[in-house]
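Structural overview for review
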Amino acid sequence: GVGSQGTTTTNGFLGEDVVLEIQLTENRNWRLKIYQRTEPDITIGQLRGRYGIGLTFKREFDTWDELIHGANQQLKKK
């Protein structure tokens, strides 16, 4: 819960802000991110736990031409 000034909160399943990132593929293109963070909520005057999950795809290109060519190839597949 919320304590007096100078104390920390232990809301949430681990008691602190946490980000867990899992590499789903060998080349690290696909990653799964799970997070928990505690933020102040001025409407209720307390701290509130916020939880989320995300999926990330990352691919690097050396030039703009490679980027455009890669995007065109992906569009043609669909």
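A few points on the structure. (Residues numbered from 1 in each chain as written. Predicted model: local features only at pLDDT ≥ 70, side-chain atom pairs only at ≥ 80, totals over all residues. Heavy atoms only, no water.)

1. Re the overall build of the chain
Heads up, the condition is: Strands are runs of DSSP state E lasting at least 2 residues, helices are runs of H or I lasting at least 4, and numbering of each runs from the N terminus. Exposure categories follow from relative accessible area, calculated using a 1.4 Å probe and restricted to protein chains: below 20% of the type maximum is buried, above 50% is exposed, and the middle band is partly exposed. In what follows, residue pairs with any heavy atoms lying within 4.5 Å of each other are defined as contacts. Here, Shrake-Rupley sampling with a 1.4 Å probe gives the accessible areas, and only protein chains in the shown set may cover a residue.
Of regular secondary structure, the chain possesses 1 helix and 3 strands. When the helices and strands of the chain are placed in sequence order, the string is β-β-β-α. Looking at the chain as a whole, 9% of its 78 residues are labelled buried. Taking the contacts inside the chain whose residues are at least 6 apart along the sequence as the reference set, 26% of them involve residues at least 24 apart. Per element, the accessible surface of the chain, about 6,800 Å² overall, is 53% carbon and sulfur.

2. Overview of the pattern of salt bridges
Counted only if it meets this: Think of a salt bridge as a Lys or Arg side-chain nitrogen and an Asp or Glu carboxyl oxygen that are within 4 Å of each other.
Applying the stated criterion across every chain yields a total of 1 salt bridge. One salt bridge in this structure joins Glu21 and Arg31, with 3.1 Å as the shortest N-O distance. Here the residue Glu21 occupies a position in strand E1 (residues 18-23), and Arg31 occupies one in strand E2 (residues 30-41), the gap between them amounting to 10 residues.

3. Points about the packing of aromatic side chains
How we decide: We call Phe, Tyr and Trp rings a pair once their centres come within 6.5 Å, taking the six-membered ring for Trp, and we label the pair stacked below 30 degrees between planes, edge-to-face above 60, and tilted otherwise.
What the rule picks out here adds up to 1 aromatic pair. A centroid spacing of 4.8 Å and a plane angle of 50° characterise the contact between Trp30 and Phe57, whose relative ring orientation is tilted. Pair noted here: Trp30 is in strand E2 and Phe57 is in strand E3 (residues 46-57), with a separation of 27 residues, a long-range link. Take Trp30: its relative accessible area is 35%, and that puts it in the partly exposed class.

4. Focus on the pairing of E2
Stated precisely, the cut-off is as follows: Two strands make a pair as long as DSSP finds a minimum of two bridges between them.
Bridge count for E1 against E2 is 6 bridges, and the pairing is antiparallel. The partner of Val18 across the bridge, within E2, is Gln36. Where E1 folds back onto E2 in an antiparallel hairpin, the turn is made up of 6 residues, including Arg28, whose phi is positive at roughly 65°. Relative to E3, E2 runs antiparallel, the two sharing 12 bridges. When the bridges of E3 are listed, Arg37 appears paired with Arg50. The antiparallel pairing of E2 with E3 creates a hairpin that spans 4 residues between the two strands, and Gly45 there sits at a positive phi of about 70°.

Honestly, it's all geometry; don't read function into it.
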